[in-house]
Amino acid sequence: MGEFKVHRVRFFNYVPSGIRCVAYNNQSNRLAVSRTDGTVEIYNLSANYFQEKFFPGHESRATEALCWANGQRLFSAGLNGEIIEYDLQALNIKYAMDAFGGPIWSMAASPNGSQLLVGCEDGSVKLFQITPDKIQFERNFDRQKSRILSLSWHPAGTHIAAGSIDYISVFDVKSGSAIHKMLVDRQYMGVSKRKCIIWGVAFLSDGTVISVDSAGKVQFWDSATGTLVKNHLIANADVQSIAISDQEDSFVVGTAEGTVFHFQLVSVTSNSSEKQWVRTKPFQHHTHDVRAVAHSPIALISGGTDTHLVIRPLMEKVEVKNYDAALRKITFPHRRLVSCAKKKQLLLFQFAHHLELWRLGSTVATGKNGDTLPLSKNADHLLHLKTKGPENIICSCISPCGSWIAYSTASRFFLYRLNYEHDNINLQRVSKMPAFLRSALQILFSEDSAKLFVASNQGSLHVIRLLEGSFKHLHTFQPQSGTVESMCLLAVSPDGNWLAASGTSAGVHVYNVKQLKLHCTVPAYNFPVTALAIAPNTNNLVIAHSDQQVFEYSIPDKQYTQWSRTIQKQGFHHLWLQRDTPITHISFHPKRPMHILLHDAYMFCIIDKSLPLPNDKTLLYNPLPPTNESDIIRRRTAHAFKISKKYKPLLFMDLLDERTLVAVERPLDDIIAQLPPPIKKKKFGT
């Protein structure tokens, strides 16, 4: 594996936004997640819970509701009063339509997916018809006295339950009139509160309405008579969210205390056909409010203020008791937020509305293996580049020479030239950037910093030549005929001759940059690409997929390499395949052509292709430190995979030179320390 000096960076002050809504799509097994900054993420649960798509946030979009309709169509609504539909192919907003009811607090799609219902600040419930290319207003239901905070359709599509402040309304869809108004008890732990907020409702096939409220109660109502059937007091704080399974035999609720409760419909006695709802399992995987929950056929999904997306498989629903039954906790985005200028030892950090440029520190001290060396010169914060306007940054990059910075938002593309004079930086913006570069999903500089490659959300790839303080557009690679699939990942060969681009579902396309034409397409694989890179000298393309498979493809020969065929034939170690975070970066050692360096959030690995592959009986990772010199030599030659778990959570790791690594970590404790304080719970004996 070799010895490296490691720059251990912990000054990337990144804090993910809290989760506001989640929506599960049973047809495609995908999960949509909206965050408090307006960002919407799509997770493919069939592809190892990989975050395959995202829509950048916007300061004016406070998303309060998210739902799937009509199969694959995704809608959101929020406090700006607009209903938004997302284009899942081009990864942009298809359109935004004002509902004319003030801020929108809730939204629900009809069981057949043809209608959309929104609940507004002014007490109105509005019904929209979903047409093939847009939505169309149909009519208003009877207006209520206060805002509509939650909505649920009866599975037959005949009635609607609407939660408000202090009461629940039941509407008849045909007439649009309210047929019942069920008042909710304001009692909270024996004390009457001023108001009781109905945070969530669920309408069952038998006419039962389940409500969760700010008084910590889960209540069951009979919608035919408008009466309370059963009451569960489960929390000392708000119960903020509810989701029910398709079979209506279990549901999940989330509380402001960070607890998730699972309710199941069980028989009263072993031989009885009579069933009742029982609170079966509490889960404490969150520290703060659980603002959103979802119920997939085999798992409970929850998210909230503490920024974690937690997927808790139900053991009784999982057929094979393997790693798929383990808890998943997703905190960091499955894309890179850090780029590196190796020659000048600079790091560029991407935040939602600004970029930070840092120069790494240095040391003159020496020591033995494992020592922490004191810095003779601290890291310098060179630049704080703030964006103009309300849009979040989609992607950013710094050139290898450190002289160029580029970033993109949904409507603009920015390119800056940097000049270094002693300790000062002169920043010059390149003006008149073409409009077709905006909404770029990935930006990459060539190794010599002479070319800039931009992947647009329309599937095209733009090649720009960089001149002193200006640019020239060289070529645009158009998408394959009949597709508008956006390219999300780019890799360029060190010699600048080859460009590889990967979309969200199609195979990897390889372009010849000198001849400006498509060279070949790597055969499509069932799982999305998480990282790719082109090796120096050999021009072998290394591709990592979300199911933890790694392929090596020879670009000149247009076929998989012999090493790749060998490892596919033998198979990866079972512990390698069971890792639950995707590989986000691949690089190569300049003097060791047989080495592949890659990392995910919890491990850094060097694959030595000259050594034998490990089988399932081999110890893949030895957590114990080596005891003597012979132990070190034995481990180095045991098998091809050299794994270090010392640095975590790892947002970025790369080689600066032959003997130096840089590792950017973001400890979870540092993130939690910047969140608002959780609800204080009284503990026994304190």
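Remember, it's a predicted structure, so these values are computed and weren't measured experimentally.

A. A look at the overall build of the protein. Counting secondary structure elements, the protein contains four helices and 57 strands. Its C-alpha atoms give the protein a radius of gyration of 27 Å, within 12% of the compact-globule value 26 Å for 686 residues. In terms of its C-alpha atoms, the protein occupies a principal-axis envelope of roughly 80 × 60 × 50 Å. Of all 686 residues assigned to the protein, the portion counted as buried reaches 57%. When contacts within the protein are restricted to residue pairs at least 6 apart in sequence, long-range pairs at least 24 apart make up 48% of them. Accessible area for the protein stands at about 29600 Å²; split by element, carbon and sulfur atoms hold 50% of it. Averaging the coordinates of the 74 positive side-chain charges in the protein and doing the same for the 58 negative ones gives two points 4 Å apart.

B. Broad picture of the sheet that holds strand β28 (residues 292–295). The strand order across the open sheet built from four strands is β28-β29-β30-β31, with neighbouring strands paired in antiparallel fashion. In this open sheet, the two strands that pair with only one neighbour each are β28 and β31 (328–330). Here the strands of the sheet are splayed against their neighbours by 15 degrees on average, with no regard to which way each runs. The pairing of strand β30 (residues 309–313) with β31 spans three bridges and is classified as antiparallel.

C. Quick peek at the domain arrangement of the protein. Split into domains, the protein comes out as domain 1 (19–244) and domain 2 (245–330). Across the contact, 35 residues belong to domain 1 and 35 residues belong to domain 2. Of the roughly 3000 Å² buried at the junction of domain 1 and domain 2 (both faces included), carbon and sulfur atoms supply 60%. Three residues, I19, Y49 and I244, lead the burial of domain 1 against domain 2; their summed loss comes to 22% of the area buried on that side.

D. Spatial organisation of the packing of aromatic side chains. In total, this model carries 22 aromatic pairs according to the counting rule given. Between Y525 and F551, the ring centres sit 5.1 Å apart and the planes meet at 70 degrees, which makes this aromatic pair edge-to-face. Placement of Y525 in the loop between β47 (517–521) and β48 (529–534) and of F551 in strand β50 (residues 550–554) is noted, with a sequence separation of 26 residues between them. For Y525, a relative accessible area of 27% translates into the label partly exposed. Both rings, one in Y553 and one in Y560, keep their centres 5.3 Å apart while their planes meet at 85 degrees; by these two values the pair is edge-to-face. Counting every residue linked through ring pairs, the aromatic cluster contains F11, F12, Y14, F349, F351 and W358. Across from the ring centre of Y95, 5.6 Å away, lies the NZ or CZ of K134, which sits over that ring.

E. Summary view of unusual backbone geometry. For the peptide bond that leads from K648 to P649, omega is -15 degrees, which places it in the cis range. The topology assignment puts P649 in the loop between β55 (641–644) and β56 (650–657). Backbone geometry places L516, a non-glycine residue, at a positive phi of 55 degrees. Looking at the element boundaries, L516 is found in the loop between β46 (508–512) and β47.

F. Seen up close, the nonpolar core. Within the largest apolar cluster, 32 residues are counted, with the highest numbers of intra-cluster contacts made by L74, F413, L415, I443, F445 and L452. One finds A531, I567, F641 and I643 within the second-largest nonpolar core, a separate group that totals 24 residues.

G. Structural detail: helix α1 (residues 562–570). Of all the positions in α1, only W563, S564 and I567 are classed as buried. For α1, the buried positions fall inside an angular range of 100 degrees around the axis, keeping them on one side. Residues of α1 that are exposed and point more than 90 degrees away from the buried face comprise Q562 and K569. The inward-facing, buried residues of α1 contact β50, β51 (559–560), β53 (595–599), β54 (604–608) and β55. Where α1 terminates, the next one or two residues include G571, which has phi positive at roughly 95 degrees.

H. Geometry of the environment of N236. Tracing the backbone shows N236 in the loop between β23 (227–233) and β24 (239–244). A sequence separation of 20 residues divides N236 from A256, and the C-alpha atoms of the two residues are 8.7 Å apart.

I. Representation of the pairing of strand β34 (residues 354–359) in the model. Buried residues dominate β34, accounting for six of its six residues. Side chains H354, E356 and W358 project from β34 onto one buried face, and the interleaved L355, L357 and R359 project onto a second face that is buried too. Pairing geometry for strand β33 (residues 346–350) and β34, over five bridges, is antiparallel. Across the sheet, residue L346 finds its bridge partner in β34, namely R359. Connecting β33 to the antiparallel partner β34 that follows it, the hairpin turn spans three residues. Direction of pairing for β34 relative to strand β35 (residues 380–386): antiparallel, over a ladder of six bridges. Counted as the bridge partner of L357 is L383 from β35.

J. Focus on the pattern of salt bridges. If you walk through the whole model with that rule in mind, you get 17 salt bridges. Taking the shortest distance from any N to any O, the salt bridge between E552 and K609 comes out at 2.6 Å. With E552 in strand β50 and K609 in the loop between β54 and α3 (629–636), the pair connects residues that are 57 residues apart, well separated along the chain. In this pair, the class of E552 matches that of K609, namely buried. The partner of D600 in a salt bridge is R579, with the nearest N and O atoms 2.8 Å apart.

K. Seen up close, the side chain of D238. Mapped onto the secondary structure, D238 falls in the loop between β23 and β24. Within the structure, the side chain of D238 is placed 2.8 Å from the side chain of W199, a separation counted as a polar contact. Leave out the neighbours within four places in its chain, and D238 touches W199, D213, S214, T255 and A256.

L. Broad picture of the side chain of R417. Of note, R417 is situated in strand β38 (residues 413–421). For R417, the side chain forms a polar contact with the side chain of E468, separated by 3.0 Å.

M. Representation of the sheet that holds β53 in the model. Within the open sheet, the four strands sit side by side as β52-β53-β54-β55. Their pairing is antiparallel. Each of the sheet's edge strands pairs with one partner strand only, and the pair in question is β52 (585–588) and β55. Each strand of the sheet is rotated relative to its neighbour by a mean of 20 degrees, with strand direction disregarded. In terms of strand pairing, β54 meets β55 through four bridges, oriented antiparallel.

N. Here's a closer look at the pairing of strand β42 (residues 461–467). The element β42 is largely enclosed, with a buried count of five among its seven residues. The pairing of strand β41 (residues 451–456) with β42 spans five bridges and is antiparallel. Among the inter-strand pairings, A455 is bridged to a residue of β42, identified as L461. Where β41 folds back onto β42 in an antiparallel hairpin, the turn is made up of four residues, including G459, whose phi is positive at roughly 95 degrees. By the bridge criterion, seven bridges tie β42 to strand β43 (residues 470–477) in an arrangement that is antiparallel. From the neighbouring strand, R465 faces β43, where its bridge partner is K472.

Conventions we followed
Residues numbered from 1 in each chain as written. Predicted model: local features only at pLDDT ≥ 70, side-chain atom pairs only at ≥ 80, totals over all residues. Heavy atoms only, no water. Helix = DSSP H or I, 4+ residues; strand = E, 2+ residues; numbered from the N terminus. Rg over C-alpha atoms; globule rule 2.2 N^0.38 Å. Buried < 20%, exposed > 50% of the residue type's maximum accessible area, 1.4 Å probe, protein only. Contact = heavy atoms within 4.5 Å. Areas by Shrake-Rupley, 256 points an atom, 1.4 Å probe, with all protein chains shown as cover. Lys, Arg positive; Asp, Glu negative; His and termini not counted. Charge placed at Lys NZ, Arg CZ, Asp CG, Glu CD. Pairing = 2+ DSSP bridges. Axes fitted to C-alpha atoms, helices over the stretch in contact; angles between N-to-C directions. Domains from an automatic or database assignment. Buried area = accessible area lost by both parts, 1.4 Å probe. Phe/Tyr/Trp six-rings, centres within 6.5 Å; stacked < 30°, edge-to-face > 60°. Lys NZ or Arg CZ within 6 Å of the ring centre and 35° of its normal. Core = buried A, V, L, I, M, F, W, Y, C linked by side-chain atoms within 4.5 Å. Arc of directions from axis to C-beta. Salt bridge = Lys/Arg side-chain N within 4 Å of Asp/Glu carboxyl O. Polar contact = N/O pair within 3.5 Å; in protein donor to acceptor, adjacent residues only side chain to side chain.

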